[in-house]
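Close look at the chain arrangement
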Amino acid sequence: MTTADPDRSRGDDTESDGPAPIKAVPLKHPGQWVAAVIVLVLAGLFVYGAATNSAYHWDTFGKYLFERRILSGVGYTLALTVLSMVIGVVLGVLLSVMRMSSNRVLSWTAWVYLWIFRGTPVFVQLTLWGLVGSLYQTVDVGVPFGPTAITIDIQELSLKYVFFLAVIGLALNEAAYMAEIVRAGISSVGEGQMEASVALGMSWWQTMRRTVLPQAMRVIIPPTGNEVISMLKTTSLVTAVPFSLELFGRQGDISGVNFQPIPMLLVASTWYLVVTSILMVGQHYIEKHYERGSSRELSDSQLKALAAANRTVVEEGK
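Residues numbered from 1 in each chain as written. Predicted model: local features only at pLDDT ≥ 70, side-chain atom pairs only at ≥ 80, totals over all residues. Heavy atoms only, no water.

1. Some words on the overall build of the chain
- For the chain, the helix and strand inventory stands at 14 helices and two strands.
- Looking at the chain as a whole, 28% of its 318 residues are labelled buried.
- The long-range share in the chain, meaning contacts at least 24 apart out of those at least 6 apart in sequence, stands at 71%.
- Of the accessible surface of the chain, which amounts to about 21,600 Å², a share of 65% is contributed by carbon and sulfur atoms. (Helix = DSSP H or I, 4+ residues; strand = E, 2+ residues; numbered from the N terminus. Buried < 20%, exposed > 50% of the residue type's maximum accessible area, 1.4 Å probe, protein only. Contact = heavy atoms within 4.5 Å. Areas by Shrake-Rupley, 256 points an atom, 1.4 Å probe, with all protein chains shown as cover.)

2. Focus on the side chain of Thr-235
- You can see Thr-235 is positioned in the loop between α11 (204-234) and α12 (247-258).
- Discounting residues that sit within four places of it in the chain, Thr-235 has contacts with Thr-77, Leu-80, Thr-81, Leu-170, Glu-246 and Tyr-272.

3. So, the packing of helix α4 (residues 68-99) against helix α9 (residues 162-187)
- Running from N to C, α4 and α9 cross one another at 45°; their axes reach a closest spacing of 6 Å. In terms of axis orientation, α4 runs oblique to α9. Crossing hand, α4 versus α9: right-handed.
- Residues that form the contact of α4 with α9 fall into these classes: 20 nonpolar, four polar and three charged. (Axes fitted to C-alpha atoms, helices over the stretch in contact; angles between N-to-C directions. Parallel < 35°, antiparallel > 145°, perpendicular 65-115°, else oblique. Left-handed = near helix turned anticlockwise from the far one by under 90°. Nonpolar A, V, L, I, M, F, W, Y, C, P; charged D, E, K, R; others polar.)

4. Topic: the packing of aromatic side chains
- According to the stated counting rule, one finds eleven aromatic pairs in the structure shown.
- Pairing Tyr-76 with Phe-243 gives two aromatic rings, centres 5.6 Å apart and planes at 65°, and the pair type is edge-to-face. With Tyr-76 in helix α4 and Phe-243 in the loop between α11 and α12, the pair connects residues that are 167 residues apart, well separated along the chain.
- Given the relative accessible area of 31%, Tyr-76 is considered partly exposed.
- Through successive ring pairs, a cluster of aromatic residues spans Tyr-76, Tyr-161, Phe-163, Phe-164 and Phe-243. (Phe/Tyr/Trp six-rings, centres within 6.5 Å; stacked < 30°, edge-to-face > 60°.)

5. A word on the pattern of salt bridges
- Considering all chains together, one arrives at three salt bridges under this definition.
- Measuring nitrogen to oxygen at the nearest pair gives 3.1 Å for the salt bridge that ties Arg-69 to Glu-67.
- Salt-bridge contacts for Arg-118 lead to Glu-180; the nearest nitrogen and oxygen are separated by 3.8 Å. A residue pair is termed long-range when its members are at least 10 positions apart, and Arg-118 in helix α5 (residues 104-119) and Glu-180 in helix α9 qualify at 62 residues.
- Residues participating in the shared-partner salt-bridge network are Arg-118, Glu-180 and Arg-183. (Salt bridge = Lys/Arg side-chain N within 4 Å of Asp/Glu carboxyl O.)

Written out as structure tokens, the structure reads:
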């Protein structure tokens with residue numbers, strides 16, 4: 001008569017049930033807690049000092065935060081941002097196609113455009129757009145070296161439509177950067193996929209719309225979102241045109257009257273932060289939309305299916 005070994009039977013049960021889970025003990029990082037305490041203390045001291053410093057003039061800050069002229073400036077800032085980005089994206093796509101073209105004239109034209117607008121400061125470009133009326137006082141439209149049909153007074157138009165000059169200046173500068181972003185996105189898609197689409201009988205536009213752009217958007221969207229946020233802040237430079245009805249120009253006009261530039265700059269900074277935060281949230285969700293199917297992390301349903309498959313394999317092995 002034999003007796004069963006309880007330790008052995010427990011071992012068999014353990015082996016049949018699989019290895020025991022590993023109890024991982026996380027490492028302790030006391031230095032991180034010390035650094036966090038130091039940061040919190042410094043932040044608290046800064047907030048307390050700013051709240052008790054009379055030079056900030058928080059009463060003036062609260063008075064003008066929702067003032068009509070400031071809100072109007074926010075509206076002009078948003079209009080400049082949206083219009084400049086729309087025109088910049090369209091021109092950027094066109095320039096990227098020209099840059100990647102096999103036609104040397106188109107390719108070199110796009111390269112020279114990028115060289116000029118990326119190589120000079122945007123403030124200088126905006127200043128030149130403000131002086132366009134001095135560079136070209138009138139423009140004659142008609143037959144070259146022949147009769148003139150229409151004479152356009154550029155100097156008068158430049159004084160009357162300063163807002164559109166600011167939009168043009170910002171858009172043309174932005175187009176140079178968007179062209180490189182779009183070109184990088186298109187180049188990230190393998191040439192084999194384009195060749196396969198052409199082999200299936202797709203036209204160039206169908207290939208770009210159905211094959212290339214959906215994959216390139218994962219590369220294009222993040223820097224484009226950063227460009228939108230950057231454009232919002234770059235609108236503060238349109239005073240070089242000069243156009244002073246946007247947010248930064250409005251706060252400057254008001255601070256020139258009440259002689260309190262610090263609270264007015266804080267008002268402008270607050271609105272820039274609010275709009276930028278909204279844009280960052282929108283950018284986050286747009287990026288997640290175009291990242292679907294490209295994440296290396298498994299979803300909950302995929303993990304459950306994988307666990308069920310592993311159990312099936314173990315049971316069949318027994």
